[in-house]
Amino acid sequence: MTSDTTAPGSIRPGGRTARVREAVLHAAGDLLAERGYAHLDLGEVAARAEVGKTTVYRRWRTPAGLVADLLVDMAETSLPHSNTGSLRGDLLANARLVTKTLTDPRQGRLFRALIAAGTTDDTAAAALHAFYDTRLTEWSPCVDYAVTRGEIPPGTDPRAVLSAVSAPLYYRLLTSAAPPDEAAATAAVAAAVIAAEAGVFTAEGTDSQPVR
C-alpha cells in the first residue's frame, strides 16, 4: 500500500498497472494539448483512458500530480544524446530534436500547457524542473566529449552550453507566431559553439565578460 507521503505517480508499475498508467498519461497529454492545464480534469482523463475514475484519483490525486508523472515519463522515454564526433554536430542533433518536439502539432501545444502549469503550481513547476534536469544530464556528455577533443576549453559548463542552444527555440515558441525551424536551430547552435570556443561558458569566462 502506498503511504500518504508518496508523491503522486512516483511508483513505477508493471503489468496491468503499467498499461493503465500508459493509457492515463496518454489521455492526459491529449487533453493538455487540446485545452491546456486549466481545463485538465481527472474525471475526463479517466473516461478517455477507459479506466476507473477512482483509480486516477487514488493514484494521481490532482491535475498537478498527473502532470508531474507525465513529465517523468517524457524524460524517461526521450531520445539519448548523440555522439557525432564534433560539438557542432552533437548540438545540432539536440537542437533538431527540440525543434521537432516543439513544432509537432501535439507536442508543441503540450509543452506550452506544461510550461503554463509550471507557472501556477509548485508541484508542476518542480516536475518541469526535474524534466529539464534529466535532459540536461543526458546530453551533458556531448560537451564533455568536446572538451576532451580540445574543441572547447576545460571547465566549460555543459548545462550552460545546452541551455544556450535550447533557450532561443523555446523563446521563439512562446513569443512568436513563427515556430522554431531549421534556420533557428542552426543559428542557435552556431552562437553557442562560438561562445563555447571563446570560453564564455567557463567560470573564468562568465566572470570576465564585460558589461555592454
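As shown above, the structure is provided for reference.
Residues numbered from 1 in each chain as written. Predicted model: local features only at pLDDT ≥ 70, side-chain atom pairs only at ≥ 80, totals over all residues. Heavy atoms only, no water.

**A look at the overall build of the chain**
A count of helical and extended segments in the chain gives 10 helices and zero strands. What you see in the chain, going N to C, is helices and strands ordered as α-α-α-α-α-α-α-α-α-α. Counting every position in the chain, which comprises 212 residues, the buried fraction comes to 41%. In the chain, the proportion of contacts linking residues at least 24 apart, taken out of those at least 6 apart, comes to 69%. (Helix = DSSP H or I, 4+ residues; strand = E, 2+ residues; numbered from the N terminus. Buried < 20%, exposed > 50% of the residue type's maximum accessible area, 1.4 Å probe, protein only. Contact = heavy atoms within 4.5 Å.)

**Digging into the environment of A23**
Counting through the fold element by element, A23 comes out in helix α1 (residues 15-35). With 26 residues separating them along the chain, A23 and A49 place their C-alpha atoms 5.1 Å apart.

**What about helix α6 (residues 105-120)?**
Over its 16 residues, α6 runs 24 Å from end to end, which matches the ideal 22 Å to within 8%, given 1.5 Å per residue. Residues of α6 that are buried in the fold lie against α1, α4 (63-77), α5 (87-103), α7 (122-149) and α8 (158-175). Its side-chain oxygen 3.0 Å from the backbone nitrogen of R106, D104 forms the N-cap of α6. (Expected span 1.5 Å × (residues − 1). Polar contact = N/O pair within 3.5 Å; in protein donor to acceptor, adjacent residues only side chain to side chain.)

**Observations regarding α7**
Here α7 is 28 residues long and its end C-alpha atoms lie 41 Å apart, about the 40 Å a rise of 1.5 Å per residue gives. The largest bend in α7 comes to about 35°, at E138, with the proline P141 one to four residues further on. Measuring from the side-chain oxygen of the N-cap residue of α7 to the backbone nitrogen of T123 gives 2.8 Å; that N-cap residue is D121. Of the residues one or two after α7, G150 is the one with positive phi, at around 85°. (Bend = angle between axes of the 7 residues up to and from the residue.)

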